[in-house]
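Descriptive analysis of the structure
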Amino acid sequence: MTGCRIRIMRKGQGQSLLFLHGASGATNWLPFMDMLAQNYDVIVPEHPGFGASETPEWLDNVGDLAHFYLDLIDHLGLASVHLIGTSLGGWIAAELATCSCEKIKSLTLVAPAGISIPGVRKGDMFMWSPEELASKLFHNQDLAQSVPQTATEEAVMLMLKNRLMTAKLGWSPRMHNPHLRKWLHRITVPTLIIWGDDDQLLPPAYGPAYRDLIPSSSLHVIAQCGHLPHVEKAQEFVAKVTQFTKEAA
Amino acid sequence: MKLYMMHLMPYADLDLDYDKTHNSAWITLPNSYYDPKKGAKLYNRYLDELEYADQLGFDGICVNEHHQNAYGLMPQPGVMAGALARRTKNVKIAILGRALPLLNNPVTVAEEFAMIDNITEGRFIAGFVRGIGAEYHAWSSNPADSHERFHEAHDLIVRAWTEIGPFPFEGKHYQFEYVNLWPRPYQTPHPPIWIPSQGSSETIEWASHPDRRYTYLQTFTPAAMLAKYMQMYKDMAAEHGYEATEDQLGWSVPVYVGETDEIARREAQPHIENFLNKFLRMPKEMLLPPGYLSLKSMIGVMKAKSAIGGKQTIDDVMDKGMFICGSPETVRQKLEHYQKDIGFGHLLTLLQFGTLPADLTRKNMELFAKEVMPHLQARGTTPAANEPAIA
């Protein structure tokens, strides 16, 4: 599509739910996806430039991916989709929704990148070693320890590819678009913002800032949780998302 | 062969215990470690050393660019070249180089280099690099765009030097309505362009292309790798149907000459080891941000887990031919051997490194200039081929 072949995982029945992954990609079908698939038609693409998807010539910034996903929503014939994005994927989802909410039924932003608050320092994932990264993404260090280290050459290559594209999109300005905040008021669909209270990459102070910029939004903070609520607190995450999307439907 | 003195201008007064609390002498080491009173003395000492190289008969002196670190205090090497331009009379002055991808406006470098070329009446050598990975953290420049920006900035600078302006420039990263360089460079068509690198087949392929024939400068690399990369340049030139001259190949290496092998080793040891283990120290994430190397090269680096970070000794680097140290006879023999074997026409000697103090630096320079250099300078260099065929 748009001159780019991408990999998509899809499972479940019900209303369509499009999940946009974060910087570490979406190589595997994760438990929270399975839980959501009990009630939804869960669609998990790998972004152009990530994982098994191709890297198109046209890909320069997050706005390009937002427009690509507007194309994808048309291409898949999704008339009314629940859009969920986490971290980098949350930034893409927010950009997409400022362009058009025509086919979006609800928006869930999970610790989204995309804006910057002066004086609130983000973590520098590009300076962290793989061990530090694993540790800082989680509140529960037992979970952090259990993150498998990339072992095979193929897995290392995927990790490097995802990291390269994350840098391409978010090195500078660091993980945000200075112009996005000006247009977040254009998001007219019900919006849920979820943040872990112990997020060391994008501090929880970003939650209220996002909430204040999007008119019909609410903020849900998950306790004892790092940057990946959908992984670290999958049950609570899925329950909250299910409740919200049902209300929005 | 032409002989140069390269200087990194390290902050030699660095508190060497910094590494008990900080993991690098770059980027994140607080600049409270820098004392301007000491730094001022160092700058003037180092400039004196490079001026002394002119008096000692070196063919050239070289400075370079690094940002936010104790390893090299020349974030703006043009300041150094400018200071040296009027105080030296004979030497070539080389900036090796400016890190082009960091620049928001490459025309600044075209201008700066053209000014130095004019002031020195053509004693200037221009170097272009991508910088080491740490610079991308320091300057927030996107490493994923590093290659693209390097090539685009290079093209813009060379056009600014060689085309009569004003002309518009419309690139992906740089756009100008008017490029019209005042002053034009003194040398025609432009100053010689050197490309320093730690070894990259892509860089060699680009530098050796018949349109460019830039001098490729191998920096701080084991001798075996040096031979490999120099041969690669010659092979690529041959594939393009021309023979690379020695003028197209250079080597940059730290050198220490003492009265005897034993004295040289003893005097150099703490300072070269500080250079390796204190000043060069940085984690892999700082050295190799995403996109700085191709994915294929990165895989190679990930496999070779050692690289920078592990402690190195004087013997490690002497054995690998990364550091030439010994009596005048030893140093002469080693350099003659490498030159004969590998066939480079430019040798850049780093005669101050790490914490090497002023007196030992001067002694090193004098012994090298008097006992080693004349033998090497006498070795023939084929005539300059650095005449890029640019219209």
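Please read all numbers here as calculations on a predicted model, not as lab measurements.

1. Remarks on the overall build of chain A
A tally of regular secondary structure across chain A gives ten helices and seven strands. The C-alpha atoms of chain A give a radius of gyration of 17 Å, which matches the 18 Å a tight globule of 249 residues would have. Judged by the C-alpha coordinates and their principal axes, chain A covers about 40 × 40 × 35 Å. Split into buried and exposed, the 249 residues of chain A put 54% on the buried side. Put simply, of all contacts in chain A between residues at least 6 apart along the chain, 77% involve residues at least 24 apart. For chain A, the accessible surface area stands at approximately 10,400 Å², while carbon and sulfur atoms represent 52% of it.

2. Points about the pattern of salt bridges
Enumeration over the complete set of coordinates arrives at 22 salt bridges over all chains. One salt bridge in this structure joins Asp19(B) and Lys278(B), with 2.8 Å as the shortest N-O distance. Placement of the pair is Asp19(B) in the loop between β1 (2-6) and α1 (36-56) and Lys278(B) in helix α8 (residues 261-279), with a sequence separation of 259 residues. Residue Lys278(B) is classed as buried on the basis of its relative accessible area of 14%. Residues Glu51(B) and Arg87(B) are paired through a salt bridge, measuring 3.2 Å at the closest nitrogen-oxygen approach. One end of the pair, Glu51(B), is in helix α1; the other, Arg87(B), is in helix α2 (residues 77-87), with 36 residues separating them in the sequence. The exposed category is assigned to Arg87(B), whose relative accessible area is 57%. Taken together, the shared-partner salt bridges in this structure form one network comprising Asp60(A), Lys168(A), Asp145(B), Glu148(B) and Lys172(B).

3. Examining the interface of chain B and chain A
Listed per partner, the contact involves 22 residues of chain B and 19 residues of chain A. A buried area of about 1,700 Å², summed over both sides, lies between chain B and chain A, and 71% of it is on carbon and sulfur atoms. In terms of surface lost to chain A, no three residues of chain B exceed Glu285(B), Pro290(B) and Leu295(B), which account for 34% of the buried area on that side. Counting across the chain B and chain A interface gives two salt bridges. For Lys168(A), the salt bridge goes to Asp145(B), with nearest N and O atoms at 3.1 Å. Our count for the chain B to chain A interface comes out at seven residue pairs in polar contact (both at pLDDT 80 or more). Where the side of chain B that touches chain A is concerned, the elements lending two or more residues are α4 (134-139), α9 (284-287) and α10 (295-303) of chain B. Considering every element that reaches the side of chain B that touches chain A, the biggest residue donor is α10(B), with five residues.

4. Some thoughts on the pairing of strand β8 (residues 215-219) of chain B
Residues and elements named next belong to chain B. Counting buried positions along β8 yields five of five residues, so the element is predominantly enclosed. On β8, burial covers both faces: Thr-215, Leu-217 and Thr-219 on one face and Tyr-216 and Gln-218 on the other are all buried. Of the crossover connections in this fold, the one passing from strand β7 (residues 193-197) over helix α6 (residues 201-208) to the parallel β8 is right-handed. Summarising the sheet, β8 and strand β9 (residues 249-257) pair through four bridges and their orientation is parallel. Looking at β9, one finds that Tyr-216 is bridged to Leu-249.

5. Here we look at the side chain of Asn69(B)
All names here are of chain B. With respect to the helices, strands and loops of the structure, Asn-69 is situated in the loop between β2 (60-63) and α2. From its side chain, Asn-69 meets the backbone nitrogen of Tyr-71 in a polar contact 2.6 Å long. Residue contacts for Asn-69: discarding those within four places in its chain leaves Ala-25 and Trp-26.

6. Digging into helix α13 (residues 358-377) of chain B
Residue and element names in this part refer to chain B. Residue Ala-369 marks the point of greatest curvature in α13, where the axis turns by about 40°. Among the residues of α13, Leu-360, Thr-361, Lys-363, Asn-364, Met-365, Leu-367, Phe-368, Ala-369, Val-372, Met-373 and Leu-376 are the ones counted as buried. Summarising the contacts, the buried residues of α13 are in contact with β1, α1, β9, α8, α12 (328-342) and β11 (346-350).

7. Brief notes about a negative patch on the surface
All names here are of chain B. A surface patch of like charges, here negative, comprises Glu-202, Glu-205, Asp-235 and Glu-239. Listing elements by their share of the negative patch, those giving two or more residues are α6 and α7 (223-239). Within the secondary structure, Glu-205 is located in helix α6.

8. Brief notes about the environment of Asp142(A)
Residues and elements named next belong to chain A. Note that Asp-142 resides in helix α5 (residues 141-146). Asp-142 sits in the exposed class, given a relative accessible area of 62%. Each C-alpha atom of the pair Asp-142 and Pro-118 lies 33 Å from the other, and the pair is 24 residues apart in sequence.

9. Quick notes on the state of the cysteines
Between two cysteines, a covalent bond joining their sulfur atoms is known as a disulfide. By the definition in use, this model includes zero disulfides over all chains. For Cys99(A), which is in no disulfide, the shortest distance to another cysteine sulfur is to Cys101(A) and amounts to 9.4 Å.

10. Some points on the sheet that holds strand β2 (residues 15-20) of chain A
All names here are of chain A. With mixed pairing, the seven strands of this open sheet are ordered in space as β1-β3-β2-β4-β5-β6-β7. The open sheet is flanked by β1 (8-11) and β7 (217-222), the only strands paired with a single partner. Sheet twist, expressed as the average angle between the axes of neighbouring strands with direction ignored, equals 20°. As paired strands, β2 and strand β3 (residues 40-45) are joined by four bridges and run parallel to one another. Considered in β3, the bridge of Gln-15 is made with Tyr-40. Strand contacts of helix α2 (residues 62-75): β1, β2, β3, β4 (81-86) and β5 (104-110), with the helix running at about 155° to β2, the strand carrying the most contacts.

The rules behind each value
- Residues numbered from 1 in each chain as written.
- Chains lettered and ligands numbered in written order.
- Predicted model: local features only at pLDDT ≥ 70, side-chain atom pairs only at ≥ 80, totals over all residues.
- Heavy atoms only, no water.
- Helix = DSSP H or I, 4+ residues; strand = E, 2+ residues; numbered from the N terminus.
- Rg over C-alpha atoms; globule rule 2.2 N^0.38 Å.
- Buried < 20%, exposed > 50% of the residue type's maximum accessible area, 1.4 Å probe, protein only.
- Contact = heavy atoms within 4.5 Å.
- Areas by Shrake-Rupley, 256 points an atom, 1.4 Å probe, with all protein chains shown as cover.
- Salt bridge = Lys/Arg side-chain N within 4 Å of Asp/Glu carboxyl O.
- Buried area = accessible area lost by both parts, 1.4 Å probe.
- Polar contact = N/O pair within 3.5 Å; in protein donor to acceptor, adjacent residues only side chain to side chain.
- Right-handed = clockwise from strand over helix to strand, strands pointing away.
- Pairing = 2+ DSSP bridges.
- Bend = angle between axes of the 7 residues up to and from the residue.
- Patch = residues over 30% accessible without salt bridge, like charges linked within 9 Å, V, L, I, M, F, W, Y side chains within 5 Å.
- Lys, Arg positive; Asp, Glu negative; His and termini not counted.
- Charge placed at Lys NZ, Arg CZ, Asp CG, Glu CD.
- Disulfide = S-S within 2.5 Å.
- Axes fitted to C-alpha atoms, helices over the stretch in contact; angles between N-to-C directions.

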